[in-house]
Amino acid sequence: MNELIDQITGLLPALLEQTGITLWLVALSLLFGGSAGLVVGTALYVTRKGGVLEQPIVFWVLNVLVNTFRPIPFIIFLAAMQPIARLVIGTGIGNEMIVFSIAIAATFGIARIVEQNLVSVDPGVIEAARAMGAGPWRIIGTVILPEAFGPLILGFTFAIVALIDMSAVAGIVGGDGLGDYALSYGFRQFEPVVTWSALVIIIIITQIVQAVGNGLSRLVLRR
């Protein structure tokens with residue numbers, strides 16, 4: 001037992017460093033992918049039939065894009081994005097590449113989550129706003145999004161957990177993080193303590209994210 005504790009203690013500096021890198025990868029990916037996904041998801045909702053900005057062609061194009069990219073396994077998507085990443089950000093490897101790829105993949109996944117949560121908004125509330133003379137953009141900003149804020153928090157919480165999962169394959173393109181650390185220094189070097197230590201940290205992060213998301217959602221829904 002003492003030997004195990006000493007081994008874990010020796011791993012702490014590296015584990016803390018890789019935890020920080022993982023959180024950084026997820027935070028940047030969420031910033032870009034979450035923002036784009038919110039815009040695309042909202043556009044999907046408001047341009048559908050009966051939406052406040054009904055545009056069948058726009059809805060059809062966005063729907064096809066989301067349905068095309070969302071189901072692609074991320075590891076395949078990551079490989080496919082390398083030449084595009086070289087053109088856009090100048091590199092097809094490293095942490096910049098993994099953030100770029102996760103952000104794009106997250107855009108389409110989050111877009112569908114946003115759309116599904118906005119669908120739950122009571123149409124009567126929207127009609128009441130229309131009857132009061134509110135324009136489409138005002139309805140979107142002051143009725144639709146605020147009404148769905150609680151469910152959206154839960155949806156984004158789910159998305160963050162998915163981003164943590166995506167970050168685990170960063171090592172395939174030369175990225176860092178807990179996933180790469182567990183595979184490179186744990187699995188490939190037959191060091192189960194390394195693998196399990198990284199796994200425990202990922203579980204702890206996920207539990208914290210889920211707890212915070214649930215708490216914020218409950219707080220919003222009570223209001």
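Residues numbered from 1 in each chain as written. Predicted model: local features only at pLDDT ≥ 70, side-chain atom pairs only at ≥ 80, totals over all residues. Heavy atoms only, no water.

Enquirer: Mind laying out the packing of helix 7 (residues 149–167) against helix 9 (residues 192–222), listing which residues take part and the relevant values?
Expert: Two elements in contact, helix 7 and helix 9, have axes separated by 8 Å at closest approach and are oriented at 170°. Viewed along their axes, helix 7 and helix 9 adopt a mutual orientation that is roughly antiparallel. In contact with Phe 149, Gly 150, Pro 151, Ile 153, Leu 154, Thr 157, Ile 160, Val 161 and Ile 164 of helix 7, helix 9 contributes Ile 202, Ile 205, Thr 206, Val 209, Gln 210, Gly 213, Asn 214, Leu 216, Ser 217, Val 220 and Leu 221. (Axes fitted to C-alpha atoms, helices over the stretch in contact; angles between N-to-C directions. Helix = DSSP H or I, 4+ residues; strand = E, 2+ residues; numbered from the N terminus. Parallel < 35°, antiparallel > 145°, perpendicular 65-115°, else oblique. Contact = heavy atoms within 4.5 Å.)

Enquirer: Report on the side chain of Asn 117, specifying residues and quantitative values.
Expert: Mapping Asn 117 onto the fold places it in helix 4 (residues 94–119). Once you skip the residues sitting within four places of it in the chain, Asn 117 turns out to touch Ala 148, Pro 151, Leu 152 and Gly 155.

Enquirer: Describe the layout of surface pockets, listing the residues and the values that go with them.
Expert: Volume-wise, the largest pocket comes out at about 340 Å³. Looking at the largest pocket, it is lined by 18 residues, and the ones nearest its centre are Arg 70, Ala 105, Gly 109, Ala 162 and Met 166. Secondary structure elements with two or more residues in the lining of the largest pocket: helix 3 (74–88), helix 4 and helix 7. At eight residues, helix 4 tops the list of elements feeding residues into the lining of the largest pocket. Split into classes, the residues belonging to the lining of the largest pocket amount to 14 nonpolar, two polar and two charged. Estimated volume of the second largest pocket: approximately 230 Å³. The wall of the second largest pocket is formed by Leu 30, Leu 38, Leu 145, Phe 149, Leu 152, Ile 153, Phe 156, Thr 157 and Ile 160. (1 Å grid on protein atoms, 1.4 Å probe; cavity = no way out; pocket = protein on both sides within 12 Å on 5 of 7 lines; lining within 4 Å. Points joined across faces, edges and corners; volume = space filled by probe spheres on them. Nonpolar A, V, L, I, M, F, W, Y, C, P; charged D, E, K, R; others polar.)

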